[in-house]
Structure formats: structure tokens, C-alpha cells
Amino acid sequence: MPEGSHRFQVGSLSCTVLSDGYYAYPSEWFFPNADPDALAEAFEKRRQPPGSVLSPYSCLLIETGRRVVLVDTGAGRAACTTGAIVARLEIAGVRPADVDTVVLTHAHPDHIGGAVDSRGRPVFANAIHYIAECERDFWTASRRNLAGLQLPEQTRRELEDTAWFALQALRHHLEPVEREMEIVPGVRAIPAPGHTPGHLALLLESGGEQLLNLGDAAVHPLHLEHPEWENGFDLASDVAAVTRRKLLERAEAEQMHVMAFHFPFPSVGRVERRGAAWEWTPGW
Ligand SMILES: [Zn+2]
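Residues numbered from 1 in each chain as written. Predicted model: local features only at pLDDT ≥ 70, side-chain atom pairs only at ≥ 80, totals over all residues. Heavy atoms only, no water.

K.L.:
Hey, could you go over the overall build of the protein chain for me, with residue numbers and the actual values?
P.N.:
Looking only at helices and strands, one finds eight helices and 14 strands in the protein chain. Taken over the C-alpha trace, the protein chain has a radius of gyration of 17 Å; the compact-globule value for 284 residues is 19 Å, and the two agree within 12%. Dimensions along the principal axes, computed over C-alpha positions, put the protein chain at roughly 50 × 45 × 35 Å. Relative to its full complement of 284 residues, the protein chain shows a buried share of 52%. Taking all contacts inside the protein chain whose residues are at least 6 apart in sequence as the whole, residues at least 24 apart take part in 70%. Entry remark: accessible area of the protein chain is about 12500 Å², with carbon and sulfur atoms responsible for 49%. For the protein chain, the distance from the average position of its 26 positive side-chain charges to the average position of its 38 negative side-chain charges is 4 Å. (Helix = DSSP H or I, 4+ residues; strand = E, 2+ residues; numbered from the N terminus. Rg over C-alpha atoms; globule rule 2.2 N^0.38 Å. Buried < 20%, exposed > 50% of the residue type's maximum accessible area, 1.4 Å probe, protein only. Contact = heavy atoms within 4.5 Å. Areas by Shrake-Rupley, 256 points an atom, 1.4 Å probe, with all protein chains shown as cover. Lys, Arg positive; Asp, Glu negative; His and termini not counted. Charge placed at Lys NZ, Arg CZ, Asp CG, Glu CD.)

Next up, the structure:
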């Protein structure tokens, strides 16, 4: 497979992680309450430059044999380093019109931005787009409280504007998810609030194998190593921390593979408890 895609099976489900690109964030957006010295040391250990986090955007294509499902759509043309998802799909043999199901883990721009083109038309025009009902309602309400975000005002406004634009454009294509439910056979959406009000995780199950897609319940392996470190993009840090721990405990207890949209490509691996923390081992 070409660079930027990684294929594996979950039982009978053919899965391909597809890179939409990446974006460099100021590290204090990802780790707002981390001690700067501890953070610098953690970056040095990983041989990463301090100051910014180069964060991958990893979407998941699931082909069941009957259904073609895309989990998250990337950022579209938000930056010159994003918006590769359509090309990656085509290299994998899938045209946008072939995608019949889109699952949006939440309505942040790096997940929903690729679902709509610059003229406001749905990119995956034949697809039902699943999103949590409360997520849709939150971003399309006339007012919302974003005080929990540890981000600059300008960034908050960009989150609001992109979500509103995309959800308006997709309004006739949306299927709201109210509670845990099976989206297609073998693929369940699980409410995982905190990052956003209606953030969803996804559990794939087939032939005795399981993959838990965390979405943005964790955005960097350092949030596993340092469970006390918050993510500035979490709207409710305390709720997000509980959700993160629950999902990780479930993954470990049931020996699941784990995927996380922003973890180093191809963003799949396993988790193991280490005292109060977690260890991330990449690979399928
Ligand atoms: Zn994200």
C-alpha cells in the first residue's frame, strides 16, 4: 500500500487507516496544564522538537463487503498539509460516491472539515452521516458555552464557524445517534463525552477481534503516560478524563486493539496499564 495508508483486518472487516495529513499545534494547546520542564523532557525523550506538536489526522475506512464506511473525514483544505483523504481513498480504490456511511466522531474541523467542499457541497454525497444528536444540537444552537476550552479566542471561533458551516451543508445527510448503537454490522458507536458534548468512540468487532477507535478521547500518547495532563481542546476536562480512563480500561480488559485519530501514523496499537498511567505500544 502507498505511504499514508495502512491496511489490516478486524475479523471480516477490512480496515484501512488513511492519512488526511497533519498539522502543527502549539504544544500548550495539547498540554495546557503540563509542567513545562516535564513536557520539555518528555519531548526530548521522544526526539521531538519542543514548542509544537506535529499531529497526524488519521481517518479509518471500513469495508464490510456490503458497506463502505469512513470514520472521520479530515480537515479538507483548512491547511496546505491537510485534505488528502479523497486522494487516499481513490488510491485505495474507493471513490467519494462509493462511501455509503460516514461516521463523525465529533464536529471539530479536523474531523468534519473534509465532509464538505469549499462551495458547501457534501463530498460524500451518497453517504448517511452519523453524528451524536447532542453534538449536532450543540454546534447548531444559536449560543454555546466554550469556556472550558483552554484555547485562544480566535481558535474557539474557528471551531464554531467550521462546525456550523459543515453541519448546515450536511443537514439533509445527517442521521443523529442518541445512544450506543450499531451503525453497520460489527461497528458500534459509543458515547464518549468530554472532548465535545457528543463525542463518539467506535467499537469494531468481528471474528473474535476488536478495535476500539478512541476518536479524540486521547490526542497524544503522552496523555496516556501522564493521565493528569489535560488537552486544551477538551470542552470538559474532568468528563474527558473519566471517559478516557473508561475506554482504556475496557480496551485493556478485553485485549482490544486501539486506534486514536491523532496518534503517530498509522495510529493503531495496544494499551497496557503501568501503575496510574498507561503505556502505548504501536502496531497491529
Ligand atoms: Zn481531532
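Once you've had a look at it, read on.
K.L.:
Which residues make up helix α8 (residues 237-253), and what values do they have?
P.N.:
Helix length check: α8, at 17 residues, gives a terminal C-alpha distance of 24 Å against a target of 24 Å (1.5 Å per residue), a fit within 8%. Against the buried residues of α8 lie β10 (200-206), β11 (209-213), α7 (222-225), β12 (257-259), β13 (268-274) and β14 (277-282). Gln 255 sits one or two residues past α8 and shows a positive phi near 55°. (Expected span 1.5 Å × (residues − 1).)

K.L.:
Before we move on, can you summarise the nonpolar core with the specific residues and values?
P.N.:
Counting residues in hydrophobic clusters, the biggest one holds 47 residues, and the most contacted among them are Phe 31, Leu 89, Val 99 and Trp 139. Elements represented by at least two residues in this core include exactly β2 (13-26), α1 (27-30), α2 (36-45), β3 (52-63), β4 (68-71), α3 (85-91), α5 (133-140) and α6 (153-169). Considering every element that reaches this core, the biggest residue donor is α6, with five residues. Filtering out sequence-adjacent residues up to four positions away, Trp 139 remains in contact with Ala 107, His 108, Arg 144, Leu 146, Leu 159, Glu 160, Ala 163, Trp 164, Leu 167 and Thr 196. (Core = buried A, V, L, I, M, F, W, Y, C linked by side-chain atoms within 4.5 Å.)

K.L.:
Can you tell me about the pattern of salt bridges, naming the residues and giving the values?
P.N.:
Note on pairing: side chains with opposite charge can pair once their charged atoms come close. Taken as a whole and judged by the stated rule, the model has 17 salt bridges. Between Glu 225 and Arg 46 there is a salt bridge whose closest N-O contact spans 2.6 Å. Here Glu 225, found in helix α7, pairs with Arg 46, found in the loop between α2 and β3; they are 179 residues apart in sequence, far enough to count as distant. Each of Glu 133, Arg 136 and Asp 137 takes part in a single network of salt bridges with overlapping partners. (Salt bridge = Lys/Arg side-chain N within 4 Å of Asp/Glu carboxyl O.)

K.L.:
Before we move on, can you summarise the coordination of the zinc ion with the specific residues and values?
P.N.:
With distances of 2.1 Å, the protein atoms coordinating the zinc ion are Asp 110 (OD), His 111 (NE2), Asp 216 (OD) and His 262 (NE2). Coordination geometry of the zinc ion: the four donor atoms subtend angles of 85 to 166° at the metal centre, consistent with an arrangement described as irregular. Counting gaps between the donor residues of the zinc ion yields the pattern D-H-x104-D-x45-H. Highlighted residues: His 111 in helix α4 (residues 109-112) and Asp 216 in the loop between β11 and α7, separated in sequence by 105 residues. Like Asp 216, His 111 is buried. (Donors = N, O, S within 2.8 Å, 3.2 Å for Na, K, Ca; no water. Tetrahedral: all angles 85-135°; square planar, octahedral: opposite > 155°, others 65-115°.)

K.L.:
Could you give me a rundown of the packing of α5 against α6, with the residues and numbers involved?
P.N.:
Relative to each other, α5 and α6 sit at 115°, their axes nearing to 9 Å. Regarding the angle of α5 to α6, the classification is roughly perpendicular. α5 and α6 meet at a crossing whose hand is left-handed. Contact residues: α5 offers Arg 136, Trp 139 and Thr 140, while α6 offers Leu 159, Glu 160, Ala 163, Trp 164 and Leu 167. (Axes fitted to C-alpha atoms, helices over the stretch in contact; angles between N-to-C directions. Parallel < 35°, antiparallel > 145°, perpendicular 65-115°, else oblique. Left-handed = near helix turned anticlockwise from the far one by under 90°.)

K.L.:
So, the layout of surface pockets: which residues are in play, and what are the values?
P.N.:
Here the largest pocket defines a volume of roughly 440 Å³. Lining the largest pocket are 19 residues; nearest its centre among them are Gly 76, Arg 77, Gly 113, Val 116 and Asp 117. Counting only elements with at least two residues in the lining of the largest pocket, the list comes to α3, α4 and α6. The biggest single contributor to the lining of the largest pocket is α6, with four residues. (1 Å grid on protein atoms, 1.4 Å probe; cavity = no way out; pocket = protein on both sides within 12 Å on 5 of 7 lines; lining within 4 Å. Points joined across faces, edges and corners; volume = space filled by probe spheres on them.)

K.L.:
Could you give an account of the packing of aromatic side chains, naming the residues involved and the relevant values?
P.N.:
Here the structure, examined in full by the defined rule, presents 13 aromatic pairs. With a centroid separation of 5.8 Å and 70° between ring planes, the pair formed by Phe 31 and Trp 229 is classed as edge-to-face. Here Trp 229 lies in the loop between α7 and α8 and Phe 31 lies in the loop between α1 and α2, a separation of 198 residues in the sequence. Aromatic side chains Phe 138 and Trp 139 sit 5.0 Å apart centroid to centroid with 90° between the ring planes, which places their arrangement in the edge-to-face category. Here Phe 138 and Trp 139 have matching classes, each one buried. Among the aromatic side chains, those forming a connected cluster through ring pairs are Tyr 23, Tyr 25, Trp 29, Phe 30, Phe 31, Phe 43, Trp 229 and Phe 233. (Phe/Tyr/Trp six-rings, centres within 6.5 Å; stacked < 30°, edge-to-face > 60°.)

K.L.:
Which residues make up unusual backbone geometry, and what values do they have?
P.N.:
A cis amide bond links Phe 265 to the next residue, Pro 266, at an omega of 5°. Of note, Pro 266 is situated in the loop between β12 and β13. The phi dihedral of Asp 72 falls on the positive side, at around 70°, and the residue is not glycine. Its location among the elements puts Asp 72 in the loop between β4 and α3. Although it is not a glycine, Gln 255 sits at a positive phi angle of roughly 55°. When you line up the elements, Gln 255 lands in the loop between α8 and β12. Given a relative accessible area of 59%, Gln 255 falls into the exposed group.

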